[in-house]
Amino acid sequence: ALEWMVFAYWIGVLVFALNFLLQLGILLYRSRTSPVIRDGRFRIIELEGDKAPCSFANYIFINPSKYDWETYNQILLHEKIHISQNHSLDILAAELLLIFQWFNPFAWLYRKELENNLEFLTDNAVLQQEGVEKENYQVSLLKVSVPQLSLGLTTNYNQSTLQKRIVMMNAKKSNFNTMWKYFFLLPLMVCLVCALNKTIANGQTTNT
């Protein structure tokens, strides 16, 4: 039974790893085949069709024809803050954790809460920028929000978290209050990874 459990575990790891590589491939393809605007360290990839704006590494993916000028600039500002704060590294770490902890509901919870907290922090940073009015920014979020999911590796806009984000902006909670789950769950995930590795190692030792 233990052998089958270990086999099923590694099959799951393979499936999620392939999904991870597929997402990277899609991002690379879009960045190579779409028009690019260079804006300092940022690369704005102009997409076509009804694709949600998002960012990954130094790349911002957006269809500029979908938005008015003010909304377009606020999207860019939002994504530039994501990039400047290296949020892609946080998302990559969470995605890699999911590859090896795909069976663990706490890993999925951690991934969701991390994305929410990154959005809360970015919204807060946007509102601190000169000339950004909270009401106008929230209207821009409503214009941009989409029901479909973007690639998991990217920062993105979706309707499922929009209401929480607007509530957080209006409540003006501190960064500590928005990040407590992040810091609480991180050591928990590390402990779970260590426990899993020990279990697999013991299983392999018993079988040899």
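Above this text sits the structure in question.
All values reported here derive from a predicted model rather than from experimental measurement. (Residues numbered from 1 in each chain as written. Predicted model: local features only at pLDDT ≥ 70, side-chain atom pairs only at ≥ 80, totals over all residues. Heavy atoms only, no water.)

(A) Region of interest: the nonpolar core. Ranked by size, the top nonpolar core spans 20 residues in total, and within it Ile 62, Tyr 67, Tyr 72, Ile 75, Tyr 137 and Leu 141 carry the most contacts. Listing elements by their share of this core, those giving two or more residues are strand S2 (42-46), strand S4 (59-62), helix H2 (69-84), helix H4 (105-127), helix H5 (134-144) and helix H6 (159-171). Among the elements that make up this core, the one with the highest residue count is H2 (5 residues). Those residues in contact with Tyr 67 that lie beyond four places of it in its chain are Lys 51, Pro 53, Ile 62, Tyr 72, Ile 75, Lys 143 and Val 144. With 12 residues, the next largest nonpolar core counts Tyr 9, Leu 27, Phe 56 and Ile 99 among its residues. (Core = buried A, V, L, I, M, F, W, Y, C linked by side-chain atoms within 4.5 Å. Buried < 20%, exposed > 50% of the residue type's maximum accessible area, 1.4 Å probe, protein only. Helix = DSSP H or I, 4+ residues; strand = E, 2+ residues; numbered from the N terminus. Contact = heavy atoms within 4.5 Å.)

(B) Focus on a nonpolar patch on the surface. Among the surface-exposed residues, Trp 4, Phe 7, Ile 11 and Val 15 lie close enough to one another that they form a single nonpolar patch of about 460 Å² accessible area. The residue Val 15 is located in helix H1 (residues 2-33) in this model. (Patch = residues over 30% accessible without salt bridge, like charges linked within 9 Å, V, L, I, M, F, W, Y side chains within 5 Å. Areas by Shrake-Rupley, 256 points an atom, 1.4 Å probe, with all protein chains shown as cover. Salt bridge = Lys/Arg side-chain N within 4 Å of Asp/Glu carboxyl O.)

(C) Representation of helix H3 (residues 87-100) in the model. Its 14 residues place the ends of H3 21 Å apart at the C-alpha level, agreeing with the 20 Å of an ideal helix rising 1.5 Å per residue. Buried within H3 we find His 87, Ser 88, Ile 91, Ala 94, Glu 95, Leu 97, Leu 98 and Ile 99. (Expected span 1.5 Å × (residues − 1).)

(D) Representation of the environment of Ser 88 in the model. Within the secondary structure, Ser 88 sits in helix H3. Given a relative accessible area of 11%, Ser 88 falls into the buried group. In the structure, Ser 88 is positioned 30 residues away from Asn 58 in sequence and 9.0 Å away in space, judged by C-alpha atoms. Here Ser 88 is in contact with Ser 55, Phe 56 and Ala 57, once residues within four sequence places are set aside.

(E) Representation of the packing of aromatic side chains in the model. Scanning the entire structure with this criterion turns up 8 aromatic pairs. When the ring of Trp 102 is compared with that of Phe 103, the centres are 5.8 Å apart and the planes differ by 90°; the resulting orientation is edge-to-face. Given a relative accessible area of 24%, Trp 102 falls into the partly exposed group. According to the relative accessible area criterion, Phe 103 is partly exposed, its value standing at 40%. Ring pairing ties together the aromatic residues Tyr 9, Trp 10, Phe 16, Trp 102, Phe 103 and Trp 108, which thus form one cluster. (Phe/Tyr/Trp six-rings, centres within 6.5 Å; stacked < 30°, edge-to-face > 60°.)

(F) Molecular detail of the pairing of strand S1 (residues 36-39). Here S1 pairs with S2 via 4 bridges, running antiparallel. Bridge pairing in S2 links Asp 39 to Phe 42. Count of turn residues in the S1/S2 antiparallel hairpin: 2 residues, of which Gly 40 carries a positive phi of about 65°. (Pairing = 2+ DSSP bridges.)

(G) Looking closely at the packing of H2 against H4. Running from N to C, H2 and H4 cross one another at 120°; their axes reach a closest spacing of 9 Å. If you check the angle between H2 and H4, you find them oblique. Crossing hand, H2 versus H4: right-handed. Only Leu 118, Glu 119, Thr 122, Asp 123, Ala 125 and Val 126 of H4 make contact with H2, whose side of the interface consists of Leu 77, His 78, Ile 81 and His 82. Its residues assigned to classes, the contact of H2 with H4 shows 5 nonpolar, 3 polar and 2 charged. (Axes fitted to C-alpha atoms, helices over the stretch in contact; angles between N-to-C directions. Parallel < 35°, antiparallel > 145°, perpendicular 65-115°, else oblique. Left-handed = near helix turned anticlockwise from the far one by under 90°. Nonpolar A, V, L, I, M, F, W, Y, C, P; charged D, E, K, R; others polar.)

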